[in-house]
Amino acid sequence: MFAAPPDPAVKANDWNRVEVLVDADIFRSNVNGRGSAVAVDGNTGSFGPVALYVGGSGEARFKDLAIRDIARRITPAEQTATRFRGQQFEDFYHGWSAAAGDFNHDGVLDVTIGNRFYLGPSFTESREVYAGQAYNPAKEYSPAMVNYAFDYTGDGWDDILVVESRTPVLYVNPKGESRRWTRNAVFTVPVTSESIVFKDINGDGKPDATYGAASSVQWVSVDPSNPTGQWKTYTVSQPGVPSSIHGIGAGDISGDGKMDIIAPHGWWEQPAAGATETPWTFHQGAFGRNGNAGGNIEVYDVNGDKLPDVVTALAAHGFGLAWYEQKRDAAGKISFVEHLIMNDFGSQNAGGVTFTELHALTVGDIDGDGIPDIITGKRHWAHLDSYTDADGQGPPVLYWYRTVRNPKAPGGAEFVPELINNRSGVGSMVQLADLNKDGALDIMTATSRGGHIFWNTARGKKTSQR
């Protein structure tokens, strides 16, 4: 069902992609998509030239060479785009995801990160959901990988679903009582994907959770008659999905009005009989790079041809962003054509923008033109203060890519990147909500640098430099 992982061996008589990072006694190499960081024998204080060495006989050629001095670390002066007003409402690292919900039942949206929620509209007061603490982003991982808010119990008060390391649990809203919330273990298996998609899979009007677990792709649905009991799990794939996938998505690929599910290796078509029929039909595909993608895979009609396309990062901990144009042959068979938006530092990228670790991505209409746009950024110190990641010390940027339908562009569309902020980045998920009900989508992020809201400007209103 799935393509073999990339072969790290050098291919003779062909181009090979090589990434090398050297710092003191650390040597991190990546050949054709696979590699790791290792300690190098020798004196840590030694230094010398960087050279390309070719062993054996024959000829070697090099092209597209890019070099970056990682000893030079820059903390840029903070910038926030004129379209947005930035608000850092949490200074410390509590989790990798921020979500909106009305937790005190006053009609105003609040925001939650990790073990806390912050009361709108000022977001200066916070309360504890469960016992917790701030974490050291250089040495510790927050267990709160994902937060999501919804009234799962149906009592009119929004509850919070929190992924504790790998297993989501439901914290039930105490309806205004000044106490910690009751914890309910509603998932039966640990989630192995690092993102969860919350969309209505079965058409009942409630957001279901879609994820990778137990070497398969699954979705769960809350039982309205017993919302704090174990939720019903449906396995849509055959066994064999990589156990720790980056990249999961849901959207109507086939155009039949039903949600399909997407992973880096392809997509599963929802049966005509409905979402609870399993397994679903699998269609081979390749969204991302080397069987990997970013956190979320999104679906929308990018070029306006009435066919749903796919958007994703190419690697959650590497380089790349792309959209995949849907094509159909005379028989109606679906295929996809990749259009790169951003590659590595040696490439000509949209707007001249290049950054790594697009671990979180979502889509929404930022400028109010009726066409969804891409919101993504860099997950800074994704694997702590280490040498694991490509350009791990790069600025924690947050961007939106404006979708421009242009018949002269490849595939009929192009993307224009606009910086939102260069000191926030993204976590495992980036979420949108109209927090102040002015008709414009606001952006919430939770990262190793705290919690941020970027207040969007409603269409037609003037903006000023901030």
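Look above for the structure.
**Q** Explain the packing of aromatic side chains here, please?
**A** The geometry of an aromatic ring pair is captured by two quantities: the separation of the ring centres and the angle between the planes. Scanning all chains against the criterion turns up 21 aromatic pairs. Measuring from ring centre to ring centre gives 6.3 Å for tyrosine 93 and tyrosine 135, while their planes differ by 65°; the resulting arrangement is edge-to-face. On the criterion of sequence distance, the pair formed by tyrosine 93 in the loop between β4 (84-90) and β5 (98-101) and tyrosine 135 in the loop between β8 (125-128) and β9 (144-150) is long-range, its members being 42 residues apart. A relative accessible area of 21% places tyrosine 135 in the partly exposed class. Measuring from ring centre to ring centre gives 5.8 Å for phenylalanine 187 and tryptophan 231, while their planes differ by 50°; the resulting arrangement is tilted.

**Q** Would you take a moment to explain the pattern of salt bridges for this structure?
**A** A side chain of one charge can pair with a side chain of the opposite charge when the charged atoms of the two come close. Considering all chains together, one arrives at 15 salt bridges under this definition. A salt bridge links glutamate 59 to arginine 61, with the nearest nitrogen and oxygen atoms 3.2 Å apart. Across the pair glutamate 325 and lysine 327 runs a salt bridge, and its minimum N-O distance is 3.1 Å. Given a relative accessible area of 7%, glutamate 325 falls into the buried group. On the accessibility criterion, lysine 327 (37% relative accessible area) is partly exposed.

**Q** Before we go on, may I ask you to explain the nonpolar core in this structure?
**A** When a protein is soluble and globular, its nonpolar side chains tend to lie buried together. In this structure, Phe187, Phe198, Tyr211 and Trp231 are the most contacted members of the largest nonpolar core, which totals 22 residues. Elements with a minimum of two residues in this core: β9, β10 (159-164), β11 (167-172) and β14 (208-213). With residues near it in sequence (within four places) discarded, tryptophan 231 still touches Tyr152, Leu161, Leu170, Val186, Phe187, Val220, Ser221 and Val222. Listed in part, the 20 residues of the second largest apolar core include Leu321, Trp323, Ile341 and Phe355.

**Q** In this structure, what is going on with the environment of glutamate 125? I would like to understand it.
**A** By the secondary structure assignment, glutamate 125 is in strand β8. Linking glutamate 125 and glycine 249, residues 124 residues apart in sequence, is a C-alpha distance of 34 Å. If near-sequence neighbours (up to four positions away) are discounted, glutamate 125 is found in contact with Phe117, Tyr118 and Leu119.

**Q** Would you take a moment to explain the sheet that holds strand β26 (residues 373-377) for this structure?
**A** In sheet architecture, strand pairing relies on hydrogen bonds along the backbone and comes in two forms, parallel and antiparallel. Strands sit in the order β25-β26-β27-β28 across an open sheet of 4 strands; the sheet is antiparallel. Edge positions in the sheet fall to β25 (361-364) and β28 (413-421), since each has one partner strand and no second. Averaged over all neighbouring strand pairs, the angle between strand axes comes to 25°, with direction disregarded. Pairing geometry for β26 and strand β27 (residues 398-405), over 4 bridges, is antiparallel. Across the sheet, the residue bridging to threonine 376 is tyrosine 399, located in β27.

**Q** Help me out: how do you make sense of a nonpolar patch on the surface in this one?
**A** Nonpolar side chains collect at one region of the surface, where Val18, Val20, Val22, Phe27 and Val38 lie side by side and expose about 410 Å² of accessible area between them. Per element, the largest residue contribution to the nonpolar patch is 3 residues, and it comes from strand β1 (residues 18-23). Turning to its location among the elements, valine 22 is positioned in strand β1.

**Q** Would you take a moment to explain the environment of arginine 68 for this structure?
**A** With respect to the helices and strands, arginine 68 occurs in the loop between β3 (34-39) and β4. Once the C-alpha coordinates of arginine 68 and glycine 450 are considered, the two residues, 382 residues apart in sequence, prove to be 28 Å apart. Look past the residues within four positions of arginine 68 in its chain and what remains in contact with it is Phe345 and Asp391. Separated by 3.4 Å, the side chains of arginine 68 and aspartate 391 make a polar contact.

**Q** Is there a simple way to think about unusual backbone geometry in this case?
**A** One can expect most non-glycine residues to show negative phi and most peptide bonds to be in trans. The omega torsion of the bond from glycine 120 to proline 121 falls at 10°, within 30 degrees of zero and hence cis. Within the element layout of this structure, proline 121 appears in the loop between β7 (116-119) and β8. For the bond from threonine 278 to proline 279, the omega torsion is -5°, close enough to zero to count as cis. With respect to the helices and strands, proline 279 occurs in the loop between β19 (266-269) and β20 (281-284). We note that tryptophan 381 has phi near 55°; this positive angle belongs to a residue other than glycine. Tracing the sequence through the fold places tryptophan 381 in the loop between β26 and β27. Among the residues examined, tryptophan 381 registers a relative accessible area of 19% and is labelled buried.

Rules behind the numbers
- Residues numbered from 1 in each chain as written.
- Predicted model: local features only at pLDDT ≥ 70, side-chain atom pairs only at ≥ 80, totals over all residues.
- Heavy atoms only, no water.
- Phe/Tyr/Trp six-rings, centres within 6.5 Å; stacked < 30°, edge-to-face > 60°.
- Helix = DSSP H or I, 4+ residues; strand = E, 2+ residues; numbered from the N terminus.
- Buried < 20%, exposed > 50% of the residue type's maximum accessible area, 1.4 Å probe, protein only.
- Salt bridge = Lys/Arg side-chain N within 4 Å of Asp/Glu carboxyl O.
- Core = buried A, V, L, I, M, F, W, Y, C linked by side-chain atoms within 4.5 Å.
- Contact = heavy atoms within 4.5 Å.
- Pairing = 2+ DSSP bridges.
- Axes fitted to C-alpha atoms, helices over the stretch in contact; angles between N-to-C directions.
- Patch = residues over 30% accessible without salt bridge, like charges linked within 9 Å, V, L, I, M, F, W, Y side chains within 5 Å.
- Areas by Shrake-Rupley, 256 points an atom, 1.4 Å probe, with all protein chains shown as cover.
- Polar contact = N/O pair within 3.5 Å; in protein donor to acceptor, adjacent residues only side chain to side chain.

From the geometry alone we can't say anything about function, so treat these as descriptive.
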